[in-house]
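Structural characterization, general
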Amino acid sequence: MSNVVKKSFDTPDDTMNQVEKVKYDIVEVNGLKLSRATAEPGWKWSVHIKPLAKTDSCQMDHVIYVLSGRLAVVDDDGQETDYAAGDVGHIPPGHDAWTIGDENAVWIDILH
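Residues numbered from 1 in each chain as written. Predicted model: local features only at pLDDT ≥ 70, side-chain atom pairs only at ≥ 80, totals over all residues. Heavy atoms only, no water.

Turning our eyes to something else, we now look at the overall build of the protein. Helices and strands together make up the secondary structure of the protein, namely 2 helices and 9 strands. Scanning the protein from its N terminus toward the C terminus, one meets helices and strands in the order β-β-β-α-α-β-β-β-β-β-β. Against the globule reference of 13 Å for 112 residues, the protein gives a C-alpha radius of gyration of 14 Å, in line with a compact fold. If you line up the protein on its principal axes, its C-alpha atoms span 50 × 30 × 25 Å. (Helix = DSSP H or I, 4+ residues; strand = E, 2+ residues; numbered from the N terminus. Rg over C-alpha atoms; globule rule 2.2 N^0.38 Å.)

Okay, the sheet that holds strand 9 (residues 105-111) next. The sheet built from 6 strands is open, its strands ordered 1-2-3-9-4-7 with antiparallel pairing. Only two strands of the sheet have a single partner each, and these edge strands are strand 1 (14-16) and strand 7 (88-91). The sheet shows a mean angle of 25 degrees between the axes of neighbouring strands, direction not considered. (Pairing = 2+ DSSP bridges. Axes fitted to C-alpha atoms, helices over the stretch in contact; angles between N-to-C directions.)

Time to look at the packing of aromatic side chains. The final tally for this structure, using the stated rule, is 1 aromatic pair. Relative to Trp107, the ring of Trp43 has its centre 6.0 Å away and its plane inclined at 45 degrees; by these criteria the two rings are tilted. A residue pair is termed long-range when its members are at least 10 positions apart, and Trp43 in the loop between strand 3 (32-39) and helix 1 (45-48) and Trp107 in strand 9 qualify at 64 residues. Comparing Trp43 with Trp107 shows no difference in burial state: the two are buried. Seen from the ring of Trp98, Lys44 lies directly overhead, with NZ or CZ sitting 4.9 Å from the centre. (Phe/Tyr/Trp six-rings, centres within 6.5 Å; stacked < 30°, edge-to-face > 60°. Buried < 20%, exposed > 50% of the residue type's maximum accessible area, 1.4 Å probe, protein only. Lys NZ or Arg CZ within 6 Å of the ring centre and 35° of its normal.)

As structure tokens, then:
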């Protein structure tokens, strides 16, 4: 028999907000972790997270769905991609990212 599971990002299993300008709410459903990232205007991975990660670029592999706002990503080869509400994307390791404009960028990231 299967068990139906219901979770909410409004009551996450974990919250990471120790970095200025970005907050991650994390829920786990049957072993799958999802994160809702909320990045304020002015947030940039290379400014706010790089000092903690101690890598030249983000080395995480992301599958994202953008809920609101706009997010820019540039890979280590210089290819830039902008994401807006409704966009789905795969961002492989080796990139920088930042919020575009004066609205929070909010996206769901499947953590794998």
